[in-house]
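Fold and geometry: a report
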Amino acid sequence: MLAAVGSLVDECRLTFGPDGIRAAAMDPATVAAVEVELSASAAAAYEADGTTVGVDVNRLREVLGTADGDDPVTLAFDPERFRLHVVAGELEYAMGLFDPESVRGPPEVEELGFEHTAALTLPGETVGRVVTAAGMVADHLSLGVDPGEGAFVASADGDTDDVRFVVPAEEAAAFEAGEAESLFSLSYLECIERAVPSGTDVRVTLGREAPLGVEYEVADGRGRVEAFVAPRLRAT
């Protein structure tokens, strides 16, 4: 959960809702946004009232990283001192929080007026191969779907070398054909791809000059990660 958020931002809004935990933020350049939801069913015990706090993502990851893998982790919010208490085995840590309004939250993509015209589901390893191949030649990557070819097409043009990666519809776990193509900064895609757990299927949604949507499940289906990346303007 925190790996997906920390791949794009240093701080996030953390909401302890009645049905689970939600972390959300947009990067300072307003190019990418991420939202992570973890169901209450993923916890052995859970009780919350909808409190939202601002959290240093990397600090919380460091604290949780000191816990033994077999130790259960307890999180408790202290409203009087505005701290998050973390208990894991012998570890007890009181972490300072901050005003969640100081963290830029992700926009409602539906309200931006962009249209996603195509979607497909791919193994995370395939997404990793696409990003790695593009990184060998350029700092940007074109992603799209060619309905006539019936395939997902990724391409990158460098100063001397080019790369093209084609995934036919029959090789995707799910494929919704529609004309789509947009250009994206590779650095954001690399950050998102690194956070995808091994063996995870990724749903990708695309449009024409529209944000890229990346969605996948975590915690054995009891959690969900959704990230968006705004397209780059093409040179004319």
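Residues numbered from 1 in each chain as written. Predicted model: local features only at pLDDT ≥ 70, side-chain atom pairs only at ≥ 80, totals over all residues. Heavy atoms only, no water.

Focus: unusual backbone geometry
- Within the chain, threonine 30 stands out as a residue other than glycine whose phi angle is a positive 55°.
- Structurally, threonine 30 can be placed in the loop between strand 2 (20-26) and strand 3 (32-39).
- Using a relative accessible area of 38% as the deciding quantity, one classes threonine 30 as partly exposed.
- In this structure, phenylalanine 82 takes a positive phi of about 50° despite not being glycine.
- Relative to the elements of secondary structure, phenylalanine 82 occurs in the loop between strand 5 (73-78) and strand 6 (83-88). (Helix = DSSP H or I, 4+ residues; strand = E, 2+ residues; numbered from the N terminus. Buried < 20%, exposed > 50% of the residue type's maximum accessible area, 1.4 Å probe, protein only.)

Comments concerning the environment of aspartate 27
- Relative to the helices and strands, aspartate 27 is located in the loop between strand 2 and strand 3.
- Along the chain, aspartate 27 and cysteine 12 lie 15 residues apart, while their C-alpha atoms are 9.4 Å from each other.

Overview of the side chain of arginine 224
- With respect to the element layout, arginine 224 can be found in strand 16 (residues 223-229).
- For arginine 224, the side chain forms a polar contact with the side chain of glutamate 35, separated by 3.0 Å.
- Looking at arginine 224, its side chain comes within polar contact range of the side chain of glutamate 226, at 2.6 Å.
- Other than its neighbours up to four places away in sequence, arginine 224 contacts Glu35, Val36, Glu37, Glu215, Tyr216, Glu217 and Val218. (Polar contact = N/O pair within 3.5 Å; in protein donor to acceptor, adjacent residues only side chain to side chain. Contact = heavy atoms within 4.5 Å.)

Observations regarding the nonpolar core
- In terms of nonpolar packing, the biggest core is built from 58 residues, with Leu141, Leu143, Phe152, Leu206 and Tyr216 touching the most fellow members.
- Each residue touching leucine 141, except ones within four places of it in the same chain, is listed here: Val130, Ala134, Ala154, Ser155, Ala156, Ser182, Leu183, Phe184, Leu186 and Leu189. (Core = buried A, V, L, I, M, F, W, Y, C linked by side-chain atoms within 4.5 Å.)

Remarks on the packing of helix 3 (residues 124-135) against helix 4 (residues 186-194)
- Between helix 3 and helix 4, the shortest axis-to-axis distance is 10 Å and the interhelical angle comes to 150°. As the angle between them shows, helix 3 and helix 4 are arranged roughly antiparallel. Judged by the twist between their axes, the crossing of helix 3 over helix 4 is left-handed. Of the residues in helix 4, those touching helix 3 at Gly124, Val127, Gly128, Val131, Ala134 and Gly135 are Leu186, Leu189, Glu190 and Glu193.
- For the contact of helix 3 with helix 4, a count of residues per class yields 5 nonpolar, 3 polar and 2 charged. (Axes fitted to C-alpha atoms, helices over the stretch in contact; angles between N-to-C directions. Parallel < 35°, antiparallel > 145°, perpendicular 65-115°, else oblique. Left-handed = near helix turned anticlockwise from the far one by under 90°. Nonpolar A, V, L, I, M, F, W, Y, C, P; charged D, E, K, R; others polar.)

What about the sheet that holds strand 13 (residues 180-185)?
- Taken in spatial order, the 4 strands make up an open sheet running 11-10-9-13, and their pairing is antiparallel. Bordering the open sheet on either side are strand 11 (162-168) and strand 13, each of which pairs with just one other strand. Neighbouring strand axes in the sheet, compared pairwise and without regard to direction, differ in orientation by 15° on average.
- The pairing of strand 9 (residues 140-146) with strand 13 spans 6 bridges and is classified as antiparallel. Within the sheet, the bridge partner assigned to glycine 144 lies in strand 13 and is glutamate 181.
- Against the sheet, helix 4 touches strand 9 and strand 13, its axis set at about 90° to strand 13. (Pairing = 2+ DSSP bridges.)

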